[in-house]
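Fold and contact review
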Amino acid sequence: MPEWLSHSSHWGAFSGSFRDGRLSIRPDLRDPAPSPILNNIPALLDAENRLLTPMVRRGWLDNGPRPDSRRGKDSYVAVSWDRAVELAAAELQRIAEGPGPESIFGGSYGWSSAGRFHHAQSQVHRFLNYVLGGYVRSVNTYSNGTAGVLLPHILGDVSRVTRDNDDWEQLTDHSDVILAFGGLPVRNAMVSSGGNSKHVAPGSIAKAASRGARFFLVSPIRDDMPEEANAEWLAVQPGTDTALCLALAYVVITENLLDRDFIARATTGYDIFEAYVLGKGEEPAKSPAWAETICGISAQKIAELARLIASKRTLITASYSLQRQVFGEQPIWAALALAAILGRMTEPGCGFSFGLSSIGNVGKRPLGAPLPTLDQGRNGVKTFIPVARIADMLLSPGEEYQYDGRTLVYPDVRLVYWAGGNPFHHHQNLPRLARAFAQPDTIIVHDAVPTATTAHADIVFPATTTLERNDIGAAGNDTALIAMKQLVEPVGEALDDYDIFARLARALGKEELFTEGRSSAEWLRHLYRPLEEALAKTNHDAPDFDTFWEDGRLELPESDRPLYLRGFAEDPEARPLTTPSSRIEIASERIASFNYDDCPGHPVWLGRGEADPEVNPWPLVLIANQPARRLHSQIDFGQYSQDGKVAGREALSMHPEDAAARGVEDGMLVRVFNDQGACLAGVIVTTGIMPGVVQLSTGAWYSPAETLVDGKTLCLSGNPNVLTRDVPSSKLSQGCSGQVTRVEIEAFTHSIPQSALGLHIRSDAAMPDRQGLEDFKGKTQ
Ligand code: PGD
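Residues numbered from 1 in each chain as written. Predicted model: local features only at pLDDT ≥ 70, side-chain atom pairs only at ≥ 80, totals over all residues. Heavy atoms only, no water.

Right, let's talk about the overall build of the protein for a bit. Counting its regular elements, the protein contains 27 helices and 30 strands. Computed over C-alpha atoms, the radius of gyration of the protein comes to 26 Å, within 12% of the 28 Å expected from 2.2 N^0.38 for 781 residues, which places it in the range of a compact globule. Dimensions of the protein, computed from C-alpha atoms along their principal axes, come out at roughly 75 × 65 × 55 Å. Accessible surface computed for the protein: about 27100 Å², of which carbon and sulfur atoms make up 47%. Computed over 73 positive and 96 negative side-chain charges, the separation of the two mean positions in the protein equals 0 Å. (Helix = DSSP H or I, 4+ residues; strand = E, 2+ residues; numbered from the N terminus. Rg over C-alpha atoms; globule rule 2.2 N^0.38 Å. Areas by Shrake-Rupley, 256 points an atom, 1.4 Å probe, with all protein chains shown as cover. Lys, Arg positive; Asp, Glu negative; His and termini not counted. Charge placed at Lys NZ, Arg CZ, Asp CG, Glu CD.)

Listed below in structure tokens is the structure:
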């Protein structure tokens, strides 16, 4: 009988068994709806998909550290670990002792793997803090960076807003109406940072629907709500949710359907909002007739919907996707204002939820125990950037910019250190990012696989995947603590991120500072101990580490403290919000004081941003949302991800009318383009998307053609970030706006050009040599 060992991933717990050179995976039986993304995992062990040795870029070896536009096109030299560590340590020392840690960017954003110890971002931050004295960091996230800055002003800290509630229970058992801006896309709820041991979204939605709850899906794409919801689809024009919210508020206000008691005791700024919604002077009233011309939903439907949501127990949800756009604060703020004036938030099933189904752990109760956490040390550098401003920083050192009421200056970064992320997947305007990555003297990247980011690095360290090491899997709002047991030996010469940093620390004479004398195995015990103590103190089952490891899993208790929003609504005085006024800020004096034209002091209609044809004059709106068949770009080469490709490229959905107008048919290879760039995609023709809108998920591996095609970069695999603009959501948050852009589409009938990347999957240049590859394959099979 094969031995099945417990393990975990961001998309679910599973057991794995490695036998006769094959990895078998089976989902955890306690999970009511395991994610099919698990099927991608075995491909991680195929040496063809892996980085097998340390590599150094030829141009960097020959010419030394300097800005270099050959990054992304250069070849690589396989070197020994000793040599790679020696080169990297010398360069880190040169920078630290010369321009100083203020010149090192270690933001290193990225999800890498589940697991509390081998969490690449924590490891790189700890290394840079303890060994080099600090680094320029990044703040906020690509996921909800715009709301992450807005919400503390109007509703409270984003982690309290998203992690300190029980919305799935409310929806399942109590709500009569669920009005979902951006829908409840269960594909996104499949994933949680650190793991998702119980996928509750599909079952919760099905149960609520069978109880008679009515779902309204506000989105240009029908599958943003699962079929079991039996939702009414309000196909709204992309980027116009704010107008719809304002018109719903108009009806609620003018027909006196408000909860005046709640407004008086729990909110501030209502009068300002009311005056704006009702219109005055040149400012139009935000009536249903006004909104109809903008969002495409009839005035009659808007008025009916407003009356319905005011008369029933209504839960208003706003997805992360809404705020990943230019003016992304507005739909979130407008949806919150609408929920606030409807009030009734002490009644079960009523209220507001941000991010329900945008990620798996939003809407589940918080935990009553601390998770094992690696100390990252103290960062001696104060300078930071909002995470999505990476290209601006590298291209414009010394330039001033606005952020959350402050004037900041971009630092002059000479060295970029990245472990556990793939900016050439996640950032917008990838050709511009490539120009930005030409600027530093040196770029060091760890990854397990040869991504477009490793292909822009000077020193590439091959990291193990989670399958090749022991770790502890855990996530906020998830009760399962999982013993992630090593399933196979490291592939090739890959080392754990921790061991790579330990070697560098040793070369820099600071090994003890970084490792504290512990091996990885000792660190796991060390990180587990505070949890064990906390459990014992609160009279919960507190097994020692060996028992936990043997069992493979420990159920953690949920918190019994009052939940954030419900607790506040019940007693605003006793349980104030963390906003400046301690209340829900329908208008914010503080934001108004910043005088930002792109984010004034209350929710306003500012236009459609990049979805507006007057801003971006291409005929079709492109929605670049999260993929259903993988997490971000991870394991795009895996079976489940590859099975979703069309014509060998990322799948693009379009309406039959748009397809017919362009002579495009189902299954055809197309070129998607605008003035910035182009990519290939395979077409799915469907009525599940509204006319004038196309959808292409993120995460296909960026693979630019060797030469420009029609003067533009052509991504051969279908990464939409060639097409999305690198513009911030607003001056307030400087967030990622990658969800929406505009494009044109045509059939692609030419032969497929070669990829430009010197170090890329399936390119022989990625491997030391063919014989080396065969040897490594022999070792892993
Ligand atoms: P991943 O593909 O998860 O993307 O961006 P992120 O950079 O997190 O990259 C993780 C990388 O870590 C992979 O290359 C993987 O191989 C590597 N890795 C895995 N395990 C390990 C390990 O143990 N060690 C090391 N060193 N590496 C490892 C995600 C970001 O994309 C996010 S969160 C969002 S929400 C954004 N969404 C959008 C969007 O909606 N639209 C557009 N257009 N663009 C987006 N980009 C953003």
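Going through the model one piece at a time under the given rule, you end up with 26 aromatic pairs. Ring centres 6.5 Å apart and planes at 85 degrees place the aromatic pair W290 and W605 in the edge-to-face group. With W290 in helix 12 (residues 288-295) and W605 in the loop between helix 24 (589-594) and strand 24 (620-623), this residue pair connects regions lying 315 residues apart in the sequence. Overall, W290 belongs to the buried group, its relative accessible area being 15%. Centroid distance W618 to F673: 5.8 Å. Interplanar angle 80 degrees. Geometry classified as edge-to-face. Note that W618 is positioned in the loop between helix 24 and strand 24 and F673 in strand 26 (residues 669-673), a separation of 55 residues in sequence. One aromatic cluster is present, built from ring pairs that chain together F117, F127, Y417, Y498, F501, F514 and W523. Positioned over the ring face of W4 is R26, at 4.0 Å from the centre of the ring. Here R518 stacks its cationic end above the ring of W523, 4.6 Å away from the centre of that ring. (Phe/Tyr/Trp six-rings, centres within 6.5 Å; stacked < 30°, edge-to-face > 60°. Buried < 20%, exposed > 50% of the residue type's maximum accessible area, 1.4 Å probe, protein only. Lys NZ or Arg CZ within 6 Å of the ring centre and 35° of its normal.)

It is worth spelling out the sheet that holds strand 22 (residues 553-555) at this point. Spatial strand order, 20-21-22: three strands in an open sheet with antiparallel pairing. Every other strand in the sheet has two partners, leaving strand 20 (471-473) and strand 22 as the edge strands with one partner each. Each adjacent strand pair in this sheet contributes to an overall mean axis angle of 15 degrees, direction not counted. Contacting strand 20, strand 21 (480-484) and strand 22, helix 21 (residues 520-537) runs over the sheet at an angle of about 40 degrees to strand 20. (Pairing = 2+ DSSP bridges. Axes fitted to C-alpha atoms, helices over the stretch in contact; angles between N-to-C directions. Contact = heavy atoms within 4.5 Å.)

What follows concerns the sheet that holds strand 2 (residues 12-19). Reading across the sheet, the three strands line up as 1-2-3 and stay open at both edges, with antiparallel pairing between neighbours. Unpaired on one side and paired on the other, strand 1 (5-9) and strand 3 (22-27) mark the two borders of the sheet. Mean inter-strand twist for the sheet, computed between neighbouring axes without regard to direction, equals 40 degrees.

Around the ligand sit 32 residues in total, of which R324, H426, R469, D497 and S633 are the nearest. W111 is positioned such that a nitrogen or oxygen atom in its backbone is 2.8 Å from an oxygen atom of the ligand. One of the side-chain nitrogen or oxygen atoms of D447 is found 2.8 Å away from an oxygen atom of the ligand. The fraction of the free accessible surface of the ligand (920 Å²) that becomes covered by protein chains is 97%. Contributions of two or more residues to the shell around the ligand are made by helix 17 (423-426) and strand 18 (442-447). In the shell around the ligand, the residues fall into six nonpolar, 22 polar and four charged. (Near = heavy atom within 4 Å. Polar contact = N/O pair within 3.5 Å; in protein donor to acceptor, adjacent residues only side chain to side chain. Nonpolar A, V, L, I, M, F, W, Y, C, P; charged D, E, K, R; others polar.)

This brings us to the pattern of salt bridges. Tallied over the entire structure, the rule returns 52 salt bridges. A salt bridge links E169 to R365; the nearest nitrogen and oxygen atoms lie 2.8 Å apart. You can see E169 sitting in helix 6 (residues 167-173) and its partner R365 sitting in the loop between strand 13 (351-354) and strand 14 (384-386), a full 196 residues away along the chain. Residue class for R365 comes out partly exposed when judged on its relative accessible area of 25%. Taken together, the shared-partner salt bridges connect R57, D68, R70, R71, D74 and D458 into one network. (Salt bridge = Lys/Arg side-chain N within 4 Å of Asp/Glu carboxyl O.)

Two elements in contact, helix 9 (residues 241-254) and helix 15 (residues 329-342), have axes whose closest approach is 8 Å; the angle formed by their N-to-C orientations is 20 degrees. In terms of their interaxial angle, helix 9 and helix 15 are classed as roughly parallel. Considering how the two elements wind past one another, helix 9 and helix 15 form a crossing that is left-handed. Together, D241, T242, C245, L248, A249, V252 and I253 of helix 9 and Q330, P331, A334, A335, L338, I341 and L342 of helix 15 make up the contact between the two elements. Taken together, the residues of the contact of helix 9 with helix 15 sort by class into eleven nonpolar, two polar and one charged. (Parallel < 35°, antiparallel > 145°, perpendicular 65-115°, else oblique. Left-handed = near helix turned anticlockwise from the far one by under 90°.)

It is worth spelling out the pairing of strand 27 (residues 678-685) at this point. Most of strand 27 sits out of view: six of its eight residues are buried. Note that strand 26 and strand 27 share five bridges and pair antiparallel. Residue pairing in the sheet places F673 in a bridge with A678 of strand 27. From the end of strand 26 to the start of strand 27, which pair antiparallel, there are four residues.

With 14 residues, helix 15 should reach 20 Å at 1.5 Å per residue; the first-to-last C-alpha distance of 20 Å fits that figure. In terms of residue burial, helix 15 counts as a mostly covered element, since 14 of its 14 residues are buried. G343 occupies a position one or two residues after helix 15 and carries a positive phi of about 65 degrees. (Expected span 1.5 Å × (residues − 1).)

Most often, soluble globular proteins have nonpolar side chains that are buried together. One finds L155, L179, F181, F352, F354 and I584 to be the most contacted residues of the largest nonpolar core, which totals 160 residues. Among residues more than four places away in sequence, those in contact with F181 are V218, D241, L244, C245, L248, I316, T317, A318, S319, L322 and A335. Counting residues in hydrophobic clusters, the runner-up holds 55 residues, among them W81, A84, I459 and L481. (Core = buried A, V, L, I, M, F, W, Y, C linked by side-chain atoms within 4.5 Å.)

A few words now on unusual backbone geometry. Unlike most non-glycine residues, R344 shows phi in positive territory, near 55 degrees. Mapping R344 onto the fold places it in the loop between helix 15 and strand 13. Of note in this structure, A647 is not a glycine but carries a positive phi near 50 degrees. For A647, a relative accessible area of 41% translates into the label partly exposed.

Within helix 12, the full set of buried residues consists of P288, W290, A291, I294 and C295. Projected down its long axis, helix 12 shows its buried positions confined to an angular sector of 150 degrees, all on one face. The exposed set on the far side of helix 12, more than 90 degrees from its buried face, consists of A289 and T293. The inward-facing, buried residues of helix 12 contact helix 9 and helix 13 (299-311). Once helix 12 ends, the next one or two residues include G296, with phi positive near 85 degrees. (Arc of directions from axis to C-beta.)

Time to look at the packing of helix 9 against helix 12. Put simply, helix 9 and helix 12 touch, their axes get as near as 9 Å, and they point 165 degrees apart. Judged by the inter-axis angle, helix 9 sits roughly antiparallel to helix 12. Read as a crossing pair, helix 9 and helix 12 show a hand that is left-handed. Residues A243, L244, L246, A247, Y250 and V251 of helix 9 touch helix 12, and the partners they reach there are P288, W290, A291, I294 and C295. Tallied by class, residues from the contact of helix 9 with helix 12 come to eleven nonpolar, no polar and no charged.

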